[in-house]
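# Report on the structure
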Amino acid sequence: MSETLLEIKDVSKFFPGVRALDHVDFDLRPGEVHALVGENGAGKSTLIKIVSGLYTPTEGKMFFGGKECSFESPHEAIMQGVSVIYQELNLVPHMSIAENIYFSHLPMNKMGIVNKKKVFDDTRELLDYMGLKENPRTKVNALPVARQQLVEIAKAVSMDSKIIIMDEPTSALSPTEIDNLFRIIRDLKQKGHGIVYVSHKLEEIFELAERITVLRDGQYVDTVNTPDVDAGKLIAMMVGREVKDLYPKVGGTIGDVVMQVEHLTNDIVKDISFYVRSGEIVGFSGLMGAGRTELGRALIGADPRFEGTVTVGGEVLLPNSTEASQKAGIGYVPENRKEQGIFAAADVKFNMTISTIKNFSAKIGISKSKEVEKVNEMVGKLGIKTPTIMQLIQKLSGGNQQKVILARSLIKEDLKVLIIDEPTRGIDIGAKAEIYSILDQLAQAGVGVVMMSSEMPEILSMCDRIYVMKHGRISGELTCDEATQERLLQRAI
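This one's a predicted model, so the numbers in the text were calculated from it and none came from an experiment.

### What about the overall build of the chain?
- On a plain count of helices and strands, the chain comes out with 17 helices and 20 strands.
- Expected size for 493 residues packed as a compact globule is a radius of gyration near 23 Å; at 24 Å, the chain falls within 12% of this value.
- When the backbone C-alpha atoms are referred to their principal axes, the chain occupies close to 70 × 50 × 50 Å.
- Burial statistics for the chain: of 493 residues in total, 53% are counted as buried.
- Considering only contacts within the chain whose residues lie at least 6 apart along the sequence, 66% involve residues at least 24 apart.
- Put simply, the chain shows about 22,100 Å² of open surface, and 49% of that area lies on carbon and sulfur atoms.
- Distance between charge centroids for the chain: 4 Å, based on 58 positive and 66 negative side chains.

Here it is in structure tokens:
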């Protein structure tokens with residue numbers, strides 16, 4: 001037991017009516033990356049919260065450095081050398097990078113006064129190590145999300161934590177930033193730190209981890225040495241069945257042009273021209289900051305359009321009007337599900353029909369029965385897992401939230417084009433396959449699909465044509481037969 005940094009033995013966690021963890025085992029060795037995988041709802045987050053002191057286990061034991069322990073609070077866990085980098089960042093936006101990094105362990109002089117010079121000098125040294133060129137005095141809210149993610153990681157490194165838990169750490173990072181993060185992780189391993197790595201990106205798991213522990217429905221499935229499994233076997237362990245067709249693209253009959261964009265320009269995207277045909281899935285690839293998201297928002301009128309035209313179904317849209325894009329038959333699923341997609345404090349029904357509530361109008365007000373009927377129909381059609389359509393959407397998994405947002409567009413009676421930005425970010429393997437299947441079915445039904453994604457496998461596997469963006473411009477166009485990861489990167493860089 002003394003050879004492990006952390007050992008979880010037969011741990012269970014019960015909530016009223018829910019068994020979140022059921023007799024789970026896990027251990028972490030010094031100088032190891034140990035991946036923790038499973039679908040959303042498998043129990044990964046609950047286990048992390050037990051290790052970090054947010055939850056106390058209902059049953060079972062935890063050993064830290066060979067000694068039995070139970071952290072009473074996150075602060076106690078931090079003091080004992082456990083740091084957690086959550087997918088939802090835990091930074092204070094209006095404080096500087098330096099203040100965020102050293103907030104919990106500010107260096108003091110003999111008088112008990114904060115040594116500000118040391119704070120900023122140490123931060124500069126740490127940022128150099130992290131590959132960040134920002135000024136330590138820069139406010140965190142001035143940074144893009146990707147750099148905020150690296151600041152969060154720098155905070156954990158600054159504490160010299162024995163155990164660092166990383167929850168989807170690359171979700172907002174570009175390929176270059178991911179390479180930099182992997183360099184840091186390998187260096188931390190060399191120094192004897194133990195890293196618990198949580199990710200839905202299997203290619204990262206196979207590149208980084210020595211061992212993999214699989215959870216399913218709150219239960220321990222197995223711990224395996226990474227070289228002993230392949231992606232197919234790992235997926236089967238996670239979902240309890242074999243997922244043969246992660247990218248179930250059948251494709252539809254590609255018809256006439258349904259969307260034509262000419263010379264679209266604003267302060268981010270420049271002179272963008274492209275077209276989408278009915279039944280076609282068109283991808284937009286590129287590095288972080290290339291302008292994919294800004295293009296999508298400009299297309300639907302959420303961001304300003306200074307020049308250019310957008311034509312849908314032969315109709316030229318009024319610029320800067322989301323109402324005009326909706327009336328023309330454009331559906332939109334945003335990149336940031338939490339901040340731009342869902343109404344967290346509202347139920348599934350409200351979230352699904354908010355954009356099309358007029359479809360259910362009656363002689364007096366809204367026909368609640370028609371609305372409920374349609375929502376229940378979409379829940380069944382898309383396989384949305386929810387106990388009731390009155391369930392708060394924030395209680396659903398990421399994959400089911402994404403399906404609800406998708407349904408918001410699919411309810412449209414005249415949907416011609418669906419623009420979907422990062423369709424599977426933060427979604428487990430099983431839900432990914434379901435989202436891809438929905439997009440393929442839309443194409444088969446004659447809808448034109450525009451997919452913005454930083455995930456090259458889904459772009460290469462799902463799209464009929466791919467546009468590559470760089471610095472707000474289109475730098476290349478490839479058919480599915482021409483496209484490879486190397487060619488996409490070449491045009492993006």
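There is more to say, and it comes next.
### Brief notes about a nonpolar patch on the surface
- Taken together, the side chains of Phe 343, Phe 350 and Ile 354 present a nonpolar region at the surface, about 250 Å² in accessible area.
- Inspection of the secondary structure puts Phe 343 in the loop between α11 (337–341) and α12 (348–353).
- Phe 343 sits in the partly exposed class, given a relative accessible area of 39%.

### Observations regarding the packing of aromatic side chains
- Scanning the entire structure with this criterion turns up six aromatic pairs.
- With a centroid separation of 4.9 Å and an interplanar angle of 75 degrees, the aromatic rings of Phe 274 and Phe 284 are classed as edge-to-face. With Phe 274 in strand β12 (residues 272–277) and Phe 284 in strand β13 (residues 281–285), the pair connects residues that are 10 residues apart, well separated along the chain.
- Take Phe 274: its relative accessible area is 2%, and that puts it in the buried class.
- Pairwise contacts between aromatic rings join Phe 274, Phe 284 and Tyr 467 into one cluster.
- Geometry around Phe 120 places Arg 137 over its ring, the cationic atom sitting 3.8 Å from the centre.
- The ring of Tyr 129 carries Arg 183 above its face, with NZ or CZ at 5.7 Å from the centroid.

### Quick notes on the environment of Pro 319
- With respect to the helices, strands and loops of the structure, Pro 319 is situated in the loop between β15 (315–316) and α10 (322–328).
- Spatially, the C-alpha atoms of Pro 319 and Thr 309 are 7.8 Å apart, while their sequence positions differ by 10 residues.

### Quick notes on the pattern of salt bridges
- One pass over the full model with this rule turns up 27 salt bridges.
- A salt bridge links Asp 122 to Lys 118; the shortest N-O distance between them is 3.0 Å. Of this pair, Asp 122 and Lys 118 are both found in helix α4 (residues 116–130), four residues apart, which corresponds to roughly one turn of the helix.
- Judged by its relative accessible area of 21%, Asp 122 is partly exposed.
- Salt bridges linked by common partners bring Asp 27, Arg 29, Glu 32 and Arg 211 together as one network.

### Let's talk about empty space enclosed by the protein
- According to the stated counting rule, one finds two cavities of 30 Å³ or more in the structure shown.
- Computed from the structure, the largest cavity encloses a volume of approximately 100 Å³.
- Lining the largest cavity we find 13 residues, and of these Lys 201, Thr 424, Arg 425, Gly 426 and Glu 455 sit closest to its centre.
- Residue composition of the lining of the largest cavity, by class: one nonpolar, six polar and six charged.

### A few points about the environment of Leu 299
- On the secondary structure map, Leu 299 appears in helix α9 (residues 292–299).
- With 169 residues separating them along the chain, Leu 299 and Val 468 place their C-alpha atoms 17 Å apart.
- With sequence-adjacent residues up to four places away left out, Leu 299 is seen in contact with Val 261, Leu 264, Phe 274, Val 310, Ser 325, Ile 330, Ile 419 and Met 452.

Calculation notes
- Residues numbered from 1 in each chain as written.
- Predicted model: local features only at pLDDT ≥ 70, side-chain atom pairs only at ≥ 80, totals over all residues.
- Heavy atoms only, no water.
- Helix = DSSP H or I, 4+ residues; strand = E, 2+ residues; numbered from the N terminus.
- Rg over C-alpha atoms; globule rule 2.2 N^0.38 Å.
- Buried < 20%, exposed > 50% of the residue type's maximum accessible area, 1.4 Å probe, protein only.
- Contact = heavy atoms within 4.5 Å.
- Areas by Shrake-Rupley, 256 points an atom, 1.4 Å probe, with all protein chains shown as cover.
- Lys, Arg positive; Asp, Glu negative; His and termini not counted.
- Charge placed at Lys NZ, Arg CZ, Asp CG, Glu CD.
- Patch = residues over 30% accessible without salt bridge, like charges linked within 9 Å, V, L, I, M, F, W, Y side chains within 5 Å.
- Salt bridge = Lys/Arg side-chain N within 4 Å of Asp/Glu carboxyl O.
- Phe/Tyr/Trp six-rings, centres within 6.5 Å; stacked < 30°, edge-to-face > 60°.
- Lys NZ or Arg CZ within 6 Å of the ring centre and 35° of its normal.
- 1 Å grid on protein atoms, 1.4 Å probe; cavity = no way out; pocket = protein on both sides within 12 Å on 5 of 7 lines; lining within 4 Å.
- Points joined across faces, edges and corners; volume = space filled by probe spheres on them.
- Nonpolar A, V, L, I, M, F, W, Y, C, P; charged D, E, K, R; others polar.

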